[in-house]
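Structure assessment
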Amino acid sequence: MTSHDITSHDIPPPEAGGVLTVDLAALRANYEEIARRVTPAACAAVVKGDGYGIGLVPAASALWQAGARTFFVALLSEARELRNLLPEAEIFVLNGLFPGTEAAYRDKRLCPVLGSVSEIERWSAFCEDTGTALPAAVHVDTGMNRLGLSATEAVNLAEGRDEIGFTLALLMSHLACADEPDHPLTARQLEDFRAIAALFPDVRASLANSAGALGDRALHFDLVRPGIAVYGGRPRKDVAPLRPVVRLELRIAQVRHVHEGETVGYGAAHTALRPSRVAILSAGYADGIPRLAGASDLRPGAEAVVAGHRCPLIGRISMDLLALDITEVPEDAVSPGDFATLLGDGLGLEDLARHSATIDYEILTSLGRRYHRRWV
Ligand SMILES: *Cc1c(COP(=O)(O)O)cnc(C)c1O
């Protein structure tokens, strides 16, 4: 075990099929590290996707303790939950102002991130009717083509600034390729965002996600918006992940012997090439373990650690079960009821993601609801 591994001494309930341990001290340390690196820019925290899968409430409480005062979520429902937890936080809702939600934003003191002219007009009209210039962010698109005003619309907004009925609290854009160092789109987005931000000199500006926050200072502006790096994921290819935040252990339901030539699991996709010992673990794709992490005779899958040995997954992943080849693990070192480590003990999010043709974001946000969860 490395000093970065998460350990906990409390014993999980005997019926738990899997144990997900969330290291909130590591989460706080990661946030503090990023905040330190981007000073004098301020550091927000992105807690969408149920706090990247670790739980919105525990994540946001820990991040508030670490000094975060500005938060980003995707949806109004997430913002409401966050407001109940953190009465003083500044909360932005990234997915915009859905028609009919205006009053809820006002009542809960939430800031919509306005990403189209129609949203701007609707929020402006609502503020005028209410008689209060409520705050909002404006998102300007600089190449992502997902949400946000076009550059021309942003210029028009700057020119018609007097007609805006709300308080422009933040001007933001979002990087599409900051995870790839030197991708030419990042430089183009930076240049375009600089030009637009210059039209709103009195408004805070924000461009950087984790990859940008851990990249060139020029990307930082007034406020950075890291997500994945805070949760221990790898934000860019040239930067090592910060401290791991999640550890995932799966219960060994059975240990069985498989004869040479027999197959394991659905589709008979794995054939034992030698007499094998196989551990059947009590978790599967219903718990967010990607089915693509499974293996076949043609393709290796992910790995898990049993009693200090790295063991390959074999065969297809079922809904609630998966198989590990533990032939190399000494027989007396493992019994039913023990755990195999899928994340931790040297196996990172990236290892599982790579074998599953996905990214650490998807691994985290898919983490199952059936695990016994503990926060340390
Ligand atoms: C999700 C998101 C972030 C955080 O991105 P990471 O890559 O997880 O750091 C920042 N800004 C916006 C607009 C986002 O949607």
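Quick caveat, the model's predicted, so the values are computed rather than measured. (Residues numbered from 1 in each chain as written. Predicted model: local features only at pLDDT ≥ 70, side-chain atom pairs only at ≥ 80, totals over all residues. Heavy atoms only, no water.)

Take the packing of helix α1 (residues 24–38) against helix α3 (residues 56–65) next. Two numbers describe how α1 lies on α3: the axes approach to 9 Å, and their chain directions differ by 50°. Relative to α3, the element α1 is oriented oblique. The hand of the α1/α3 crossing is right-handed. Of the residues in α3, those in contact with L24, L27, R28 and Y31 of α1 are P58, A59, A62, L63 and Q65. In terms of residue class, the contact of α1 with α3 is built from 7 nonpolar, 1 polar and 1 charged. (Axes fitted to C-alpha atoms, helices over the stretch in contact; angles between N-to-C directions. Helix = DSSP H or I, 4+ residues; strand = E, 2+ residues; numbered from the N terminus. Parallel < 35°, antiparallel > 145°, perpendicular 65-115°, else oblique. Left-handed = near helix turned anticlockwise from the far one by under 90°. Contact = heavy atoms within 4.5 Å. Nonpolar A, V, L, I, M, F, W, Y, C, P; charged D, E, K, R; others polar.)

Lining the immediate surroundings of the ligand are 14 residues, of which K48, Y52, S210, I228 and Y361 lie closest. A distance of 2.5 Å is found between an oxygen atom of the ligand and a side-chain nitrogen or oxygen belonging to S210. One of the side-chain N or O atoms of R225 is found 3.0 Å from a nitrogen atom in the ligand. Surface burial for the ligand is 94%, taken as the share of its 390 Å² of free accessible area covered by protein chains. Partitioned by chemical class, the residues of the shell around the ligand number 7 nonpolar, 4 polar and 3 charged. (Near = heavy atom within 4 Å. Polar contact = N/O pair within 3.5 Å; in protein donor to acceptor, adjacent residues only side chain to side chain. Areas by Shrake-Rupley, 256 points an atom, 1.4 Å probe, with all protein chains shown as cover.)

When strand β15 (residues 303–306) meets strand β16 (residues 309–314), the two strands line up antiparallel, connected through 4 bridges. Residue A304 lies in a different strand from β16, and its bridge partner there is C311. In this antiparallel pair of consecutive strands, β15 and β16, the connection spans 2 residues, and A307 shows a positive phi of 45°. (Pairing = 2+ DSSP bridges.)

Right, let's get into the domain arrangement of the protein. Partitioning the protein into structural domains gives domain 1 (24–231) and domain 2 (246–375). Distance from the C-alpha centre of domain 1 to the C-alpha centre of domain 2: 38 Å. Each partner contributes to the interface: domain 1 provides 9 residues, whereas domain 2 provides 9 residues. Taking both sides of the interface into account, the surface hidden between domain 1 and domain 2 amounts to around 770 Å²; carbon and sulfur atoms contribute 68%. Counting the surface domain 1 buries against domain 2, the share from its top three residues, Y52, I54 and I228, is 55%. If you look at where domain 1 meets domain 2, you find 0 salt bridges. The interface formed by domain 1 and domain 2 includes 2 residue pairs in polar contact (both at pLDDT 80 or more). Residue classes in the side of domain 1 that touches domain 2 are distributed as 6 nonpolar, 3 polar and no charged. (Domains from an automatic or database assignment. Buried area = accessible area lost by both parts, 1.4 Å probe. Salt bridge = Lys/Arg side-chain N within 4 Å of Asp/Glu carboxyl O.)

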